[in-house]
Amino acid sequence: MSFDAELDAKGLNCPLPILRAKKAITALNAGQVLKIIATDPGSVKDFEAFCNQTGNELLSSAEVDGAFEFMIKKS
Amino acid sequence: MAKRLSAEERRASIIKVAKRLFAQAGFHGVSIDEIVKEVGVSPAILYRHFESKDELYEAVLHEFSATRESYVEAVVANDIGFEQVLRSMTTVFVSSIMSHPDMLKMEMHSQLEGSEASQEFFLNRWKSFTDYIEFNLAELQAQKKIHPINAKATALIYQGIIREVLLQKCVQQADRFQEMPVAILVDEVISLFMKIIEPRK
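Residues numbered from 1 in each chain as written. Chains lettered and ligands numbered in written order. Predicted model: local features only at pLDDT ≥ 70, side-chain atom pairs only at ≥ 80, totals over all residues.

## Some remarks on the overall build of chain B
From N to C terminus, chain B includes ten helices and zero strands. If you list the helices and strands of chain B from N to C, you get α-α-α-α-α-α-α-α-α-α. The C-alpha extent of chain B, read off along each of the three principal axes, is 70 × 35 × 30 Å. Counting every position in chain B, which comprises 201 residues, the buried fraction comes to 25%. Taking as baseline every contact in chain B between residues at least 6 positions apart, the subset at least 24 positions apart corresponds to 60%. (Helix = DSSP H or I, 4+ residues; strand = E, 2+ residues; numbered from the N terminus. Buried ≥ 20, exposed ≤ 12 C-beta atoms within 10 Å, placed from the backbone. Contact = placed C-beta atoms within 7 Å.)

So this is what it looks like as structure tokens:
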């Protein structure tokens with residue numbers, strides 16, 4: 001899947017990955033995709049909640065090599 | 001004689017008693033015998049659900065992890081201002097601990113006697129704060145918005161004062177702070193904490 005920006009949030013505890021994602025998405029245009037890599041297992045639920053609350057679309061959420069990858073499309 | 005419960009209910013009732021006893025006396029201060037006596041079952045029944053005391057302790061921690069605080073709302077609802085987010089995160093955390101004081105008591109016991117895994121479990125909850133503070137202070141310094149400060153030490157100060165507030169309020173219930181509700185006390189310490197971060201003029 002292609003993306004327009006990438007955010008490395010490995011090793012960070014929530015809510016930092018969420019905060020940094022919020023900042024990164026602000027810099028994108030509507031329709032662009034942000035890829036996020038995190039290691040906090042709580043980030044799975046948190047990114048779901050984040051997308052629900054902000055209206056951005058969670059395109060995918062997957063575990064890859066012990067890390068969690070999220071693709072979020074800016075609404 | 002104990003009333004008949006489903007396996008799931010039985011498991012939950014054992015965890016509930018174990019949580020209370022571990023909070024009172026720590027991992028080493030409680031025996032399986034004491035736990036089964038309080039639950040009102042035989043050791044054989046407990047071992048049907050948990051292979052060992054370690055596994056039971058882990059199950060208690062696991063239950064706490066299900067109550068993990070979500071800061072998403074605090075972060076999304078606010079502007080990304082350092083103090084504002086810190087205040088809402090702290091409010092979420094403090095009310096979560098105030099409603100599960102056993103978790104703080106188990107944390108205290110685990111500081112001295114706990115396994116590496118349990119210490120890491122408890123530390124991880126504080127890491128949300130220390131990560132948040134360290135990152136933001138480093139960023140604010142890089143942007144020359146605040147005077148140089150050791151971000152790591154500052155994060156530790158914060159962890160220390162909030163933990164002390166919680167100890168006073170939910171473990172010791174100290175007379176000294178009786179007239180001060182926890183929300184007011186937290187508010188005061190955050191205001192004091194913010195004074196050590198000097199904005200550049």
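Having seen it, we continue.
## Examining the nonpolar core
Of all hydrophobic cores here, the largest spans 53 residues; its most connected members are I72(A), A18(B), F22(B) and M89(B). Of the residues that make up this core, three or more belong to each of domain 1 (7-64) and domain 2 (71-194) of chain B. If near-sequence neighbours (up to four positions away) are discounted, I72(A) is found in contact with A21(A), I25(A), V33(A), L34(A), I36(A), C51(A), N56(A), E57(A), L58(A) and L59(A). (Core = buried A, V, L, I, M, F, W, Y, C linked by C-beta atoms within 7 Å. Domains from an automatic or database assignment.)

## Regarding unusual backbone geometry
At the junction of C14(A) and P15(A), the peptide bond is cis and its omega measures out at 15 degrees in the coordinates. By the element assignment, P15(A) lies in the loop between strand 1 (5-9) and helix 1 (16-26).

## Some words on the sheet that holds strand 4 (residues 67-73) of chain A
All names here are of chain A. Strand order in the open sheet formed by four strands is 1-2-4-3, with mixed pairing between adjacent strands. The sheet is open, and its two borders are formed by strand 1 and strand 3 (57-64), each paired with just one other strand. Neighbour to neighbour, the strand axes of the sheet diverge by 15 degrees on average, direction disregarded. Looking at chain direction, strand 3 and strand 4 are connected through seven bridges and run antiparallel. Pairing of V64 across the sheet is with A67, part of strand 4. In the packing of helix 1 onto the sheet, the strands contacted are strand 1, strand 2 (33-38) and strand 4, and the crossing angle to strand 1 comes to about 160 degrees. Across the sheet, helix 2 (residues 43-54) lies against strand 2, strand 3 and strand 4, angled at about 175 degrees from strand 3, the strand it touches most. (Pairing = 2+ DSSP bridges. Axes fitted to C-alpha atoms, helices over the stretch in contact; angles between N-to-C directions.)

## Some remarks on the packing of helix 7 (residues 101-113) of chain B against helix 9 (residues 151-172) of chain B
All names here are of chain B. Two elements in contact, helix 7 and helix 9, have axes separated by 10 Å at closest approach and are oriented at 110 degrees. Here helix 9 runs roughly perpendicular to helix 7, going by the angle between their axes. Crossing geometry of helix 7 relative to helix 9 is assigned as left-handed. Listed contacts from helix 9 to P101, L104 and K105 of helix 7 are L166, C170 and V171. When grouped by side-chain class, the residues that make up the contact of helix 7 with helix 9 number five nonpolar, no polar and one charged. (Parallel < 35°, antiparallel > 145°, perpendicular 65-115°, else oblique. Left-handed = near helix turned anticlockwise from the far one by under 90°. Nonpolar A, V, L, I, M, F, W, Y, C, P; charged D, E, K, R; others polar.)

## Concerning the pairing of strand 3 of chain A
Across the eight residues of strand 3 of chain A, zero count as buried, placing the element largely on the outside. The hairpin turn running from strand 3 of chain A into strand 4 of chain A, its antiparallel successor, is two residues long, and D65(A) in that turn takes a positive phi close to 50 degrees.

## Some words on the interface of chain A and chain B
Facing the 15 residues of chain A at the interface are 15 residues of chain B. Elements represented by at least two residues in the side of chain A that touches chain B include exactly helix 1 and helix 2 of chain A. Along the lines of polarity and charge, the residues of the side of chain A that touches chain B split into eight nonpolar, four polar and three charged.

## Overview of the environment of V60(B)
Tracing the backbone shows V60(B) in helix 4 (residues 53-66). Along the primary structure V60(B) and I14(B) are separated by 46 residues, whereas in three dimensions their C-alpha atoms are 9.6 Å apart.

## Description of the confidence of the model for chain B
All names here are of chain B. For chain B, the average pLDDT comes to 90, and 97% of its residues sit at 70 or higher. Within chain B, the element-level pLDDT minimum falls on helix 5 (residues 72-77), averaging 83, and the maximum on helix 2 (residues 32-39), averaging 96. With pTM at 0.85, the complex prediction returns an ipTM value of 0.79. (pLDDT = per-residue confidence, 0-100.)

## Describing helix 2 of chain A
Each α-helix winds once per 3.6 residues, and so residues spaced three or four apart point in a common direction. Residues and elements named next belong to chain A. With twelve residues, helix 2 extends 16 Å from end C-alpha to end C-alpha; this agrees with the ideal 16 Å at 1.5 Å per step. Where helix 2 is concerned, the buried positions are S43, D46, F47, F50 and C51. Buried residues of helix 2, viewed axially, fall in a sector of 135 degrees; they line one side. A positive phi of about 80 degrees marks G55, the residue just after helix 2. (Expected span 1.5 Å × (residues − 1). Arc of directions from axis to C-beta.)

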